[in-house]
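# Structure assessment
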Amino acid sequence: MFEFSITAKQGRARGGIFNTPHGDLITPAFMPVGTQATVKGVPPRDLSEMGATMILSNTYHLYLRPGDALVARRGGLHKFMRWDGPILTDSGGFQVFSLSEFRKIDEDGVTFKSHLDGSMHRFTPEKSISVQENLGADVIMCFDECPPPGDYEYNQIALARTHAWARRCLDAHGPVKRTAHGHEQALFGIAQGGIFQDLREKSAAYISSLGFPGHAIGGLAVGESKENTLRTLEWMDAALPEDKPRYLMGVGEPRDLINGVARGVDMFDCVLPTRLARHGAAFTRGGRINMRNQIFIDDESPIDPTCDCYTCRTFTKSYIRHLIAVEEMLGLYLMSIHNLRFLLNLMSDIRAAIAANTFDSFAREWIARYEGKKI
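Residues numbered from 1 in each chain as written. Predicted model: local features only at pLDDT ≥ 70, side-chain atom pairs only at ≥ 80, totals over all residues. Heavy atoms only, no water.

## Regarding the sheet that holds strand β8 (residues 110–113)
One open sheet accounts for 3 strands, arranged β7-β8-β9; its pairing is antiparallel. Unpaired on one side and paired on the other, β7 (103–105) and β9 (120–123) mark the two borders of the sheet. The average angle at which neighbouring strand axes cross in this sheet is 15 degrees, direction not considered. Two strands pair when backbone bridges link them, and β7 and β8 are joined in this way by 3 bridges, in the antiparallel orientation. Paired with Ile-105 across the two strands is Val-110, which belongs to β8. (Pairing = 2+ DSSP bridges. Helix = DSSP H or I, 4+ residues; strand = E, 2+ residues; numbered from the N terminus. Axes fitted to C-alpha atoms, helices over the stretch in contact; angles between N-to-C directions.)

Structural data, given as structure tokens:
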């Protein structure tokens, strides 16, 4: 279980298969985010029909509500949310550290105030592992610190803490452990280091040495420039072992997915497609569009004529715009379906291009079209 095999390569882009107890993840893959045991507004049936394989849930939020012990009593996340495919849970670290004014960090862990009711809680590496074991995902993450990417001195401190916590997570769980829910569970390590090459390479070397079945690239897409993101991914591509899956956390913009694949990344996740949908924005091959715009009042075409999602097969821009304008929940649902399917289709096209050895030209032409440039 949790074997990773590379099936095709072009340059640094690679196609592969990652085995999990609840099915194979064909990579490169985009993983929809179900923060609170649901991909917001989208039933598991629809996720399955649109081609989603692995989805994410959030340790911090589920720990607070409904509580990881309750989820464990319900048989774990798979049974609780009726999703029979692979699930990944994050460690809760990003959410805890984003509380800034409401948490205190020490070498042992983090004390934080709930954003819901102000109650005090504490996460240590061992606590994060315990919560994630209760949730029962196929893949869980080490508890780490996500520091501001451009502060070198603080990144040095945070890196030492992240590495110590990775060892404690590994001691508490092991690379793979059979859960009380009856299936094996893999633990991924997370490499940090901000936008600094020496720290990133140091982190990649240490995390890789611990024997995790997969590695995440943390601390990106948190405010640094695109140039720094891409440069950091190039360092990580060279520093991380090729025989383990690589997971870039929190990235879901189409151009960023393509550029990440071009730099050896296998797995991505982001709340972006459903968040944009709730604000009336849709992905198209010609770039992002605002469905609240009056130019769509009489537009009888689909959101994207090249998209095969239920929304684009069935409804017009005129109708979608009406739903958004009157704040009808169906509009947000249909937009979410489209945005998710759009990214899943993009990843399918990327995999096909890698297999056909045409990824470089595919990436160049796709991004140019998306940015409205002549091809």
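## Some thoughts on the nonpolar core
Grouped together as the largest cluster of nonpolar side chains are 91 residues, with contacts concentrated most on Phe-268, Ile-350 and Phe-359. In terms of residue count, the dominant contributor to this core is helix α14 (residues 329–355) (12 residues). Sequence-distant contacts of Ile-350, that is, excluding residues within four places in its chain, are made with Pro-28, Ile-258, Val-261, Phe-359 and Phe-362. Within the second largest apolar cluster, 19 residues are counted, among which are Phe-2, Phe-4, Val-139 and Phe-188. (Core = buried A, V, L, I, M, F, W, Y, C linked by side-chain atoms within 4.5 Å. Buried < 20%, exposed > 50% of the residue type's maximum accessible area, 1.4 Å probe, protein only. Contact = heavy atoms within 4.5 Å.)

## Looking at the environment of Ala-52
By the secondary structure assignment, Ala-52 is in the loop between α1 (44–49) and β5 (55–57). When the C-alpha positions of Ala-52 and Arg-82 are compared, they lie 14 Å apart, and in sequence the two are 30 residues distant. With near-sequence residues (within four places) excluded, Ala-52 lies in contact with Pro-32, Leu-47, Trp-83 and Leu-344.

## Considering helix α15 (residues 359–370)
For α15, with 12 residues, the first-to-last C-alpha span of 16 Å sits near the 16 Å given by 1.5 Å per residue. For α15, every residue scored as buried is listed here: Phe-359, Phe-362, Ala-363, Trp-366, Ile-367, Ala-368 and Tyr-370. Turning to α15, the residues buried within the fold contact β1 (4–10), β2 (13–20), α10 (254–261) and α14. Within two residues after α15, Gly-372 carries a phi angle of roughly 75 degrees, on the positive side. (Expected span 1.5 Å × (residues − 1).)

## Considerations on the packing of aromatic side chains
Per the counting criterion, the structure on display carries 13 aromatic pairs. Where Tyr-60 meets Phe-112, the ring centres are 5.7 Å apart and the plane angle is 50 degrees; that geometry is what we call tilted. Taken together, the residues Tyr-60 in helix α2 (residues 59–64) and Phe-112 in strand β8 connect sequence positions 52 residues apart. An aromatic cluster is defined as three or more aromatic residues linked by ring pairs; in this entry it consists of Tyr-60, Tyr-63, Phe-112, Phe-123, Phe-143 and Trp-165. (Phe/Tyr/Trp six-rings, centres within 6.5 Å; stacked < 30°, edge-to-face > 60°.)

## What to know about the packing of helix α7 (residues 152–173) against helix α8 (residues 197–209)
Relative orientation of the contacting elements α7 and α8 amounts to 5 degrees, with a least axis distance of 11 Å. Judged by the inter-axis angle, α7 sits roughly parallel to α8. Of the residues in α8, those in contact with Tyr-152, Asn-155, Gln-156, Leu-159, His-163, Ala-166 and Arg-167 of α7 are Asp-198, Leu-199, Lys-202, Ser-203, Tyr-206 and Ile-207. (Parallel < 35°, antiparallel > 145°, perpendicular 65-115°, else oblique.)

## Regarding the pattern of salt bridges
This model, assessed by the stated rule, comprises 23 salt bridges. With its nearest N and O atoms 2.9 Å apart, the salt bridge here joins Arg-122 to Asp-106. Highlighted residues: Arg-122 in strand β9 and Asp-106 in the loop between β7 and β8, separated in sequence by 16 residues. Two residues, Arg-288 and Glu-253, come together in a salt bridge whose shortest N-O distance is 2.8 Å. Residue Arg-288 is found in the loop between β16 (281–282) and β17 (289–290), and its partner Glu-253 is found in the loop between β14 (246–248) and α10; the two are separated by 35 residues along the sequence. Note on Arg-288: relative accessible area 42%, which makes it partly exposed. In the salt-bridge network here, residues are joined through shared partners; they are Lys-9, Arg-12, Asp-237, Glu-242 and Arg-246. (Salt bridge = Lys/Arg side-chain N within 4 Å of Asp/Glu carboxyl O.)

## What about the side chain of Glu-253?
Look at Glu-253 and you get buried, because its relative accessible area is 9%. Setting aside chain neighbours within four positions, we find Glu-253 in contact with Leu-272, Phe-283, Arg-288 and Tyr-370.

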